[in-house]
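Examination of the molecular architecture
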Amino acid sequence: MFFTDIARWVVRSIHAQGRRAVLSITGFAVGVAAVVMMTAIGESLKQYILSEFTQFGSNIIAVSPGKTETFGVGGLLNTVRPLSISDSVAINKLPSVAYTVPVIAGTAKVKADGKFRYTDVVGVNALAHKAWQLSIAKGTFLPADEVNRPRHFAVLGSKVAATLYGYSNPLGEFIHIGTKRFRVIGVLNPKGQFVGQDLDEMVYIPTAAAMQLFNRESVMEIDVFYHENAQSKWVAEAIRGLLIKRHGREDFTLVTQDDMLSSLDNILSVIKIAGTALGVISLIVGAIGIATIMSINVTERVSEIGLLRAIGCSTWQLMVLLIGEAIAMAMLSGSLGFTLVLAVQLLTQLSGVYVITGVDFGVFIMTLIFSGLVGLISGLLPAISAIQATPIEALRHE
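Figured I'd write up the structure that's included with this text. Since this is a predicted model, take the numbers as computed values, not measurements. (Residues numbered from 1 in each chain as written. Predicted model: local features only at pLDDT ≥ 70, side-chain atom pairs only at ≥ 80, totals over all residues. Heavy atoms only, no water.)

**Quick look at the overall build of the protein chain**
For the protein chain, the helix and strand inventory stands at 12 helices and 14 strands. Residue pairs at least 24 apart in sequence account for 77% of intrachain contacts in the protein chain once pairs closer than 6 positions are excluded. Of the roughly 20,800 Å² of accessible surface on the protein chain, a fraction of 62% belongs to carbon and sulfur atoms. (Helix = DSSP H or I, 4+ residues; strand = E, 2+ residues; numbered from the N terminus. Contact = heavy atoms within 4.5 Å. Areas by Shrake-Rupley, 256 points an atom, 1.4 Å probe, with all protein chains shown as cover.)

As structure tokens, this is what we get:
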């Protein structure tokens, strides 16, 4: 018996089963598609979040006030002195540090040109537009004034400027933020969102002015941007040593972007595994469907099997035919499932929704291998059951 004979028999056998074969193949294909799609969505989500956190660069260390120390089963938050703007200036003098941005943020009522709205107001220094990669559309960014007594200047996000001033030029105009008056000196180009926050809806003012506006005695965070040739752990140790010297103790918390990305990667990996596990359940259901149809086929085709045995088909050849049929159905299902995922990816991208940004071809190979194994297992037991009967008994079966 040649391979072409086996292939011809398998094709005709699957075709003869009609609707039942189609339903089994479709069921397993949906399971395969679910696994591949869940894996692809998990990877796409992972890449999206990582890109969000690295859009300002990857060489960042966040310094926040307060040091959590654990005692027994509880925690205690100890602080000696808050983080100040002068701490940011001191950190900026470290050799490995490129920029520091003392940050304070809140929501305030912004009024201008007879219009008002409530929006996010962020206190930063003159280095923020370089550190955060903000580009200027009109005017300039905040000037390098004396850090504790800056002039009341404001830079508007693109959406805020469009809402308050429309098509008119806001440069030189005064706006009221809360109870304070600021002069607009710049408008930013659209930046987009960062972890759900629209950066184009923000108003940027000097940090010291924001501390007065929100009645705060300390900054909320100091973002430290270090040079690419420096290692994060050494920069963090230098910052820790400097602040301990200034504060008298470690009453602050340092979080490197490496730590943050590592934690995010672990969380997203768990999500990806959970999604894949849900897809595997669908895959198992489809595999059971193929195993079921093979068992039914063998039961209904006992006479056919007896005829094959009677005309000289050996036990091994019969095993090859039945197992080949199951493997062919499973492989066809795997290919169909992967094609379905590619179709969904294409449709979502054409509609502008990039939920699935990339499907790994290695996953397709693994899918085919798994499909073949499912087919082998599904066809093996029915094949063994089929060859146990003698040819005469099989021919008498109705």
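**What about helix α3 (residues 85–92)?**
Turning to α3, its buried residues number three or more, namely Ile85, Asp87, Ser88, Ala90 and Ile91. Of the surrounding elements, those touching the buried residues of α3 are β4 (97–112), α6 (207–213), β13 (221–226) and α7 (232–247). (Buried < 20%, exposed > 50% of the residue type's maximum accessible area, 1.4 Å probe, protein only.)

**Overview of the environment of Phe214**
Looking at the element boundaries, Phe214 is found in the loop between α6 and β13. Judged by its relative accessible area of 22%, Phe214 is partly exposed. The sequence separation of Phe214 and Gly106 amounts to 108 residues, and the corresponding C-alpha distance is 7.1 Å. Sequence-distant contacts of Phe214, that is, excluding residues within four places in its chain, are made with Ala105, Gly106, Thr107, Ala108 and Val121.

**Structural notes on the layout of surface pockets**
The computed volume of the second largest pocket comes to approximately 290 Å³. In this structure, the second largest pocket is lined by 20 residues; those nearest its centre are Asn125, Ala126, Ala144, Asp145 and Val147. Of all the secondary-structure elements, those providing two or more residues to the lining of the second largest pocket are α3, β4 and α6. Take the lining of the second largest pocket: its biggest share by element is four residues, from α3. Class assignment for the residues of the lining of the second largest pocket results in 13 nonpolar, five polar and two charged. (1 Å grid on protein atoms, 1.4 Å probe; cavity = no way out; pocket = protein on both sides within 12 Å on 5 of 7 lines; lining within 4 Å. Points joined across faces, edges and corners; volume = space filled by probe spheres on them. Nonpolar A, V, L, I, M, F, W, Y, C, P; charged D, E, K, R; others polar.)

**Thoughts on the packing of α3 against α7**
The geometry of α3 relative to α7 is characterised by a closest axis approach of 10 Å and an angle of 140 degrees between their N-to-C directions. With respect to α7, the axis of α3 lies oblique. Here the hand of the crossing between α3 and α7 comes out right-handed. Judged by residue contacts, Ser86, Asp87, Ala90 and Ile91 of α3 engage Ile239, Leu242, Leu243, Arg246 and His247 from α7. (Axes fitted to C-alpha atoms, helices over the stretch in contact; angles between N-to-C directions. Parallel < 35°, antiparallel > 145°, perpendicular 65-115°, else oblique. Left-handed = near helix turned anticlockwise from the far one by under 90°.)

**A closer look at the environment of Ser335**
Structurally, Ser335 is set in helix α10 (residues 315–350). When the C-alpha atoms of Ser335 and Ser371 are compared, they prove to be 9.1 Å apart, with 36 residues separating the residues in sequence.

**Describing the nonpolar core**
The biggest cluster of nonpolar side chains holds 41 residues, and the ones touching the most others in it are Val63, Ile175, Ile177, Val203, Ile205 and Ile239. When sequence neighbours within four positions are dropped, the list of residues in contact with Val203 reads Val110, Thr119, Asp120, Val121, Val122, Ala154, Val155, Leu156, Val160, Ile175 and Ile177. Membership of the second largest hydrophobic core comes to 19 residues, among which are Val101, Val103, Leu188 and Tyr204. (Core = buried A, V, L, I, M, F, W, Y, C linked by side-chain atoms within 4.5 Å.)

**A closer look at the packing of aromatic side chains**
What the rule picks out here adds up to one aromatic pair. Measuring from centroid to centroid gives 6.4 Å for Phe141 and Tyr204, while their planes differ by 55 degrees, and the two rings are tilted. Of this pair, Phe141 sits in the loop between β6 (136–139) and β7 (153–156) while Tyr204 is found in strand β12 (residues 202–206), placing the two residues 63 residues apart along the sequence. With a relative accessible area of 6%, Phe141 lands in the buried category. If you follow Lys109 out to its NZ or CZ, it ends over the ring of Phe116, 4.4 Å from the centre. Sitting above the plane of the Phe174 ring, Arg181 keeps its charged end 3.9 Å from the centroid. (Phe/Tyr/Trp six-rings, centres within 6.5 Å; stacked < 30°, edge-to-face > 60°. Lys NZ or Arg CZ within 6 Å of the ring centre and 35° of its normal.)

**Re the pattern of salt bridges**
Taken as a whole and assessed by the stated rule, the structure comprises five salt bridges. Measuring nitrogen to oxygen at the nearest pair gives 2.6 Å for the salt bridge that ties Asp87 to Arg246. Taken together, the residues Asp87 in helix α3 and Arg246 in helix α7 connect sequence positions 159 residues apart. Through salt bridges with shared partners, a single network forms among Glu237, Arg240 and Glu250. (Salt bridge = Lys/Arg side-chain N within 4 Å of Asp/Glu carboxyl O.)

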